[in-house]
Amino acid sequence: LTDALFSLGNVHYHGDGVQEDKAKAAQCWAKAAMQGDVESRYNLGVIAGNKRDYDRAVRHYLIAAKMGDEGSVESIKEFFMAGRTTREQYAEALKGYQDAVEEMKSHDRDEASALMKS
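So, how was this worked out
- Residues numbered from 1 in each chain as written.
- Predicted model: local features only at pLDDT ≥ 70, side-chain atom pairs only at ≥ 80, totals over all residues.
- Heavy atoms only, no water.
- Salt bridge = Lys/Arg side-chain N within 4 Å of Asp/Glu carboxyl O.
- Core = buried A, V, L, I, M, F, W, Y, C linked by side-chain atoms within 4.5 Å.
- Buried < 20%, exposed > 50% of the residue type's maximum accessible area, 1.4 Å probe, protein only.
- Helix = DSSP H or I, 4+ residues; strand = E, 2+ residues; numbered from the N terminus.
- Contact = heavy atoms within 4.5 Å.
- Lys, Arg positive; Asp, Glu negative; His and termini not counted.
- Polar contact = N/O pair within 3.5 Å; in protein donor to acceptor, adjacent residues only side chain to side chain.

Caption draft 1: Highlighting the pattern of salt bridges. Tallying each qualifying case throughout the model produces four salt bridges. A salt bridge links Lys-22 to Glu-20, with the nearest nitrogen and oxygen atoms 3.3 Å apart.

Caption draft 2: Representation of the nonpolar core within the structure. Counting 13 residues, the largest nonpolar core has Ala-57, Tyr-61, Leu-62, Val-73, Ile-76, Phe-79 and Ala-93 as its most contacted members. When residues of this core are traced back to their parent elements, those giving at least two are α4 (54-66), α5 (70-81) and α6 (87-104). Take this core: its biggest share by element is six residues, from α4. If sequence neighbours within four positions are ignored, Tyr-61 has contacts with Tyr-42, Gly-45, Val-46, Ser-72, Ser-75, Ile-76 and Phe-79.

Caption draft 3: Spotlight on the side chain of Asp-69. Among the secondary structure elements, Asp-69 is positioned in the loop between α4 and α5. The buried charged residue Asp-69 lacks any salt bridge, with Arg-41 as its nearest oppositely charged partner at 10 Å. A distance of 2.7 Å separates polar atoms of two side chains, one belonging to Asp-69 and the other to Ser-72. If we ignore the near neighbours within four places in the chain, the residues touching Asp-69 are Val-38, Tyr-42, Ala-64 and Tyr-97.

Quick look at the structure:
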């Protein structure tokens, strides 16, 4: 369901076969994000940033970063460099991202990957 909501959000955002409707796109992405879709969460951050609602954008990006989304970390880094977020928020995003990436690693997965390559 989250993939469908994410895709529907893209269709509305870009006006692909339907009239462009950014508000409807945001609604679809919000529903998907509430169900754990990281790409939708990132897109909500983009929308908030475009509206200059940097606090809201950072909140979305922090959630996505903690789910392992590298683009969200980069966005928070850009906000930090522009003075739109704090060093603490940037550090929180980095740590959350690193924790998510570390959690996704496993010895078994690494072994399976090595076997597939040989």
